[in-house]
Amino acid sequence: KVDGLVVREGAVETKPITFEMEEGGHALLGRTEDGPPAILRALAGDLVGRGSVRVHGQPPAEVRRRIGLVARDESLHQPTGAEP
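Note that the structure is predicted; figures quoted are calculated from it, not measured.

A. Broad picture of the sheet that holds strand β1 (residues 2-6). Judged by pairing direction, the sheet is antiparallel, and its three strands sit side by side in the order β4-β1-β5 without closing on themselves. This sheet does not close on itself; its edge strands, each paired only once, are β4 (17-19) and β5 (50-53). Strand-to-strand twist of the sheet, defined as the mean angle between neighbouring strand axes without regard to direction, takes the value 30°. In this sheet, β5 lies alongside β1 in antiparallel orientation, the contact comprising three bridges. Within β5, the position partnered with Asp3 by the bridge is Ser52. Most of the contacts of helix α1 (residues 36-43) go to β1, to which it runs at about 125°, and overall it touches β1, β4 and β5.

Below you can see the structure in the form of structure tokens.
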């Protein structure tokens, strides 16, 4: 459960977001500069923001071993021979 979460990482700061997710695999889609990587890091307990994040009723850091985070690897999105 996410309530009023605002995260800041570098020049990126998200607007407040509120949502709930059921247990399972999830993805956030959007441009990096819009904040999905920072939001995912906050959900995993790797980045602290304003607002509230709860996983099974607890802060993410307390249940971190139950959370898997797969970071986006930019090299996976470059077609062979494409210029960066």
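B. Broad picture of the pattern of salt bridges. According to the stated counting rule, one finds six salt bridges in the structure shown. A salt bridge links Arg50 to Glu13; the shortest N-O distance between them is 3.9 Å. Here Glu13 lies in strand β3 (residues 12-13) and Arg50 lies in strand β5, a separation of 37 residues in the sequence. The class for Arg50 is exposed, based on a relative accessible area of 51%. With a shortest N-O distance of 3.6 Å, Arg31 and Glu33 are connected by a salt bridge. One exposure class covers both Arg31 and Glu33, and it is exposed.

C. Geometry of α1. Inspection of α1 places Pro36, Ala38, Ile39, Ala42 and Leu43 among the buried residues, and these make up the whole buried set. On an axial view of α1, the arc spanned by its buried residues comes to 160°, and they lie on one face. Looking at the buried residues of α1, the elements they touch are β1, β2 (8-9), β4 and β5. Gly45 lies just past α1 and shows a positive phi near 90°.

What counts as what
Residues numbered from 1 in each chain as written. Predicted model: local features only at pLDDT ≥ 70, side-chain atom pairs only at ≥ 80, totals over all residues. Heavy atoms only, no water. Pairing = 2+ DSSP bridges. Helix = DSSP H or I, 4+ residues; strand = E, 2+ residues; numbered from the N terminus. Axes fitted to C-alpha atoms, helices over the stretch in contact; angles between N-to-C directions. Contact = heavy atoms within 4.5 Å. Salt bridge = Lys/Arg side-chain N within 4 Å of Asp/Glu carboxyl O. Buried < 20%, exposed > 50% of the residue type's maximum accessible area, 1.4 Å probe, protein only. Arc of directions from axis to C-beta.

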